[in-house]
Amino acid sequence: MEVIEIIEIIIKLGVGLSILNVWLIKRDKETPFRGGGAMSMQEEFMSYGLSKKAMIAVGTFKCLFAVLLLISIFYSSEVLEYAGAIGIAVLMSGAILMHVKISDPAKKSIPAAIFLVLSVAVLFL
């Protein structure tokens, strides 16, 4: 296994597991990165002017794309890898735009920006 392949696996694990952690474990917990001073994911989506249904849809897609990235570690499939990475990149771009929309400080967009960059990196590794 080459160094680049190891780096790609580490990125996929980091992005995939982090997204699942945020959406499945820390969804109802406060973090310093929640938009608009929200204390939970639902409050954060309300800060953005989005409904609970939108939150469920976004969360479902983020978890789906995270799982696709994780599966692509074990099953060498460009379709799974690209679908997961592009999906995460698009959703993270949306997350950054939502932070900008409500005039959050730039630091609140850091996780989304990092995941965006890492997801794009997967496409080119």
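Right above here is the structure, for reference.
Residues numbered from 1 in each chain as written. Predicted model: local features only at pLDDT ≥ 70, side-chain atom pairs only at ≥ 80, totals over all residues. Heavy atoms only, no water.

A word on the side chain of arginine 34
Summarising the element assignment, arginine 34 is placed in the loop between α1 (3-25) and α2 (41-47). Judged by its relative accessible area of 3%, arginine 34 falls in the buried class. In terms of polar contacts, arginine 34 uses its side chain to reach the backbone carbonyl oxygen of lysine 26, at 2.7 Å. Polar side-chain contacts of arginine 34 include one of 3.0 Å to the side chain of glutamate 44. Sequence-distant contacts of arginine 34, that is, excluding residues within four places in its chain, are made with Lys26, Arg27, Lys29, Met39, Ser40, Met41, Glu44, His99 and Lys108. (Helix = DSSP H or I, 4+ residues; strand = E, 2+ residues; numbered from the N terminus. Buried < 20%, exposed > 50% of the residue type's maximum accessible area, 1.4 Å probe, protein only. Polar contact = N/O pair within 3.5 Å; in protein donor to acceptor, adjacent residues only side chain to side chain. Contact = heavy atoms within 4.5 Å.)

Describing the layout of surface pockets
In this model, the largest pocket occupies a volume close to 560 Å³. Along the walls of the largest pocket sit 27 residues, with Val22, Trp23, Met41, Glu44 and Lys62 positioned nearest its centre. Ranked by residues supplied to the lining of the largest pocket, first place goes to helix α4 (residues 78-101) with 7 residues. A class-by-class count of the residues in the lining of the largest pocket yields 17 nonpolar, 5 polar and 5 charged. Of the volumes computed, that of the second largest pocket is approximately 290 Å³. Looking at the lining of the second largest pocket, the elements with two or more residues in it are α1, α3 (52-74) and α4. No other element matches the 4 residues that α1 contributes to the lining of the second largest pocket. Its residues assigned to classes, the lining of the second largest pocket shows 5 nonpolar, 3 polar and 5 charged. (1 Å grid on protein atoms, 1.4 Å probe; cavity = no way out; pocket = protein on both sides within 12 Å on 5 of 7 lines; lining within 4 Å. Points joined across faces, edges and corners; volume = space filled by probe spheres on them. Nonpolar A, V, L, I, M, F, W, Y, C, P; charged D, E, K, R; others polar.)

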